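One letter stands for each residue in the lines below.
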Amino acid sequence: MPMKQLTDSANHTLKQLKGFLSQIEEREYVQHLPILFESTIGMHVRHIIEFYQCLVKGILQGEMDYDARERSLLQETNIQYAQACIDNLLIDLTLIQDNNDIVLLTEQNQTAHKLSIQSNVARELSYVIEHTIHHFAIIKMGCLVAFPHIQFHNDFGVAYSTIKYRESVHSNVSA
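These notes cover the structure that comes with them. (Residues numbered from 1 in each chain as written. Predicted model: local features only at pLDDT ≥ 70, side-chain atom pairs only at ≥ 80, totals over all residues. Heavy atoms only, no water.)

## Focus: the pattern of salt bridges
When the charged atoms of two side chains lie near each other, side chains of opposite charge can form a pair.
Phase 1: Scanning the model with the defined rule gives eight salt bridges in all.
Phase 2: With its nearest N and O atoms 2.6 Å apart, the salt bridge here joins Lys-18 to Asp-87. Note that Lys-18 is positioned in helix α1 (residues 2-21) and Asp-87 in helix α5 (residues 79-94), a separation of 69 residues in sequence.
Phase 3: With a relative accessible area of 26%, Lys-18 lands in the partly exposed category.
Phase 4: We note a salt bridge from Arg-46 to Glu-50, for which the minimum N-O separation is 3.2 Å. In this pair, Arg-46 and Glu-50 both sit in helix α3 (residues 41-61), four residues apart, roughly one turn of the helix.
Phase 5: Counted as one network, the salt bridges with shared partners bring together Arg-46, Glu-50, Arg-69 and Glu-76. (Salt bridge = Lys/Arg side-chain N within 4 Å of Asp/Glu carboxyl O. Helix = DSSP H or I, 4+ residues; strand = E, 2+ residues; numbered from the N terminus. Buried < 20%, exposed > 50% of the residue type's maximum accessible area, 1.4 Å probe, protein only.)

Quick look at the structure:
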């Protein structure tokens, strides 16, 4: 059951991303924004997509490495291509059924050695979802400053635990 909840959550975040991409213009997508330290919205979208792609590849191989991303220039400059990648990920997520063990390879300092950490699919999927929400907050911040015409749901870029907390505070105040 936890895998179904996680894949549903991942689907939700990716569909939110697609909804956002339907609002932004290509020139806005690639514009370097001072508030984002000259990164672009497209760079953040690519980053999100590639984390999901690493997850899918890692599940297939039994070993994942978020540092070994492709860093696709096409994903960060072409909205239609990014949307197609998201569509593929939505299909891939339907194939995730089991919480298998997986090895996470990670670089935590400047040495040439990668650490191998035992993990599992559920833990890594949870991480990628939270990572996505974090980047949603960055995207939202950049757009609110540079492209105020783009509409966001109030919960876009807000952690699920924060949403739940806000709802509990609101229900206690109105009771």
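## Some thoughts on the packing of α3 against α5
Phase 1: Between α3 and α5, the least distance of the axes is 10 Å, while the angle of their chain directions is 30°. When the interaxial angle is binned, α3 and α5 end up roughly parallel. As α3 runs across α5, the sense of the crossing is left-handed. Listed contacts from α5 to Val-45, Ile-49, Tyr-52, Gln-53 and Val-56 of α3 are Ala-82, Cys-85, Ile-86, Leu-89 and Asp-92.
Phase 2: For the contact of α3 with α5, the per-class residue count stands at eight nonpolar, one polar and one charged. (Axes fitted to C-alpha atoms, helices over the stretch in contact; angles between N-to-C directions. Parallel < 35°, antiparallel > 145°, perpendicular 65-115°, else oblique. Left-handed = near helix turned anticlockwise from the far one by under 90°. Contact = heavy atoms within 4.5 Å. Nonpolar A, V, L, I, M, F, W, Y, C, P; charged D, E, K, R; others polar.)

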